[in-house]
Amino acid sequence: MSDAHREDIPDGKTEKFTYHLSPIRTLTSAVTPDRKGDDVNAQAAVASLESATGLELAMAGATFTLGPGERELSTSSGKSSGVMVAVVSIDAVEAPFSYGCGNDGKKVVRGTLATWQPGPYSSLFKCGIKEKLPRPEAEAEALMCGQANNK
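What counts and how
Residues numbered from 1 in each chain as written. Predicted model: local features only at pLDDT ≥ 70, side-chain atom pairs only at ≥ 80, totals over all residues. Heavy atoms only, no water. Helix = DSSP H or I, 4+ residues; strand = E, 2+ residues; numbered from the N terminus. Rg over C-alpha atoms; globule rule 2.2 N^0.38 Å. Buried < 20%, exposed > 50% of the residue type's maximum accessible area, 1.4 Å probe, protein only. Contact = heavy atoms within 4.5 Å. Areas by Shrake-Rupley, 256 points an atom, 1.4 Å probe, with all protein chains shown as cover. Pairing = 2+ DSSP bridges. Axes fitted to C-alpha atoms, helices over the stretch in contact; angles between N-to-C directions. Disulfide = S-S within 2.5 Å. Polar contact = N/O pair within 3.5 Å; in protein donor to acceptor, adjacent residues only side chain to side chain. Phe/Tyr/Trp six-rings, centres within 6.5 Å; stacked < 30°, edge-to-face > 60°.

Once that is clear, we can look at the overall build of the protein. Of the regular secondary structure elements, the protein holds two helices and eight strands. Put simply, the protein runs from its N terminus to its C terminus through helices and strands in the order β-β-β-β-α-β-β-β-β-α. Taking 151 residues into account, the globule formula puts the C-alpha radius of gyration at 15 Å, and the protein, at 21 Å, lies well above it. Taken across its 151 residues, the protein has 32% of its residues classed as buried. When contacts within the protein are restricted to residue pairs at least 6 apart in sequence, those whose partners lie at least 24 apart make up 73%. Carbon and sulfur atoms provide 49% of the accessible area of the protein, an area that totals close to 9600 Å².

This part takes up the pairing of strand β7 (residues 80-99). With five bridges connecting them, strand β1 (residues 5-9) and β7 associate as antiparallel partners. Counterpart to H5 in the pairing with β7 is M84. Direction of pairing for β7 relative to strand β8 (residues 109-126): antiparallel, over a ladder of 15 bridges. Note that in β8 the partner of F97 across the bridge is G111.

Before going further, it helps to spend a moment on the sheet that holds β7. As summarised here, the arrangement of the four strands in space is β1-β7-β8-β4, forming an open sheet in which the pairing is antiparallel. At either end of the open sheet lies a strand with only one pairing partner, and these are β1 and β4 (30-33). This sheet shows a mean twist of 35° between the axes of neighbouring strands, independent of strand direction. Bridge count between β4 and β8: four bridges; the pairing is antiparallel. Residue pairing for β8: A30 is matched across the bridge by A114. Along the sheet, helix α1 (residues 42-53) makes contact with β4, β7 and β8, crossing β8 at roughly 60°.

A complete count under the given rule lists one disulfide for this structure. A disulfide bridge connects C127 with C145, and the sulfur atoms are separated by 1.9 Å. As the torsion about the S-S bond is roughly -70°, the C127-C145 disulfide counts as left-handed. Placement of C127 in the loop between β8 and α2 (135-149) and of C145 in helix α2 is noted, with a sequence separation of 18 residues between them. On the accessibility criterion, C127 (11% relative accessible area) is buried. Looking at C145, the relative accessible area reads 3%, which means it is buried.

When you line up the elements, D38 lands in the loop between β4 and α1. For D38, a relative accessible area of 9% gives the class buried. Among all residues touching D38, those that are not within four sequence positions of it are P33, K107 and V109. Here R35 takes part through its side chain, which lies 3.1 Å from a polar atom of the side chain of D38.

This next bit is on the packing of aromatic side chains. Applying the stated criterion across every chain yields a total of two aromatic pairs. Residues F17 and Y19 carry aromatic rings whose centres are separated by 6.4 Å and whose planes lie at 35° to one another, so their mutual orientation is tilted.

Now the structure itself:
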């Protein structure tokens, strides 16, 4: 997310802005068994969830971070006034899993798969907006807008 920036653009004028983004978390796709020592085929677990949901998911072991070329968001805006914050995020996916039935002499393996859908999206929002924001924007508003309003 970016720092909060005050914009005051009069009617009839358009201005360009570049927001410098700072990561607030890194996500690594992982499959975690409930019991230590259980053998889990992480790639098969991701492929199974993809098949069941129809979603394209990051494979186990992949890490999402903003690359050097992805840390700026440039935009143009017409008439506006307020404190703005830019956000780039991904859709995280977390699901429990279980395989094996225990009837074939093998133990049932259970755990959790945490991954994401590739393809980050970006948005720009105004602090103090009186509507329900998507989760990434709501988190950014809670972190950045209170600070901006106290300046």
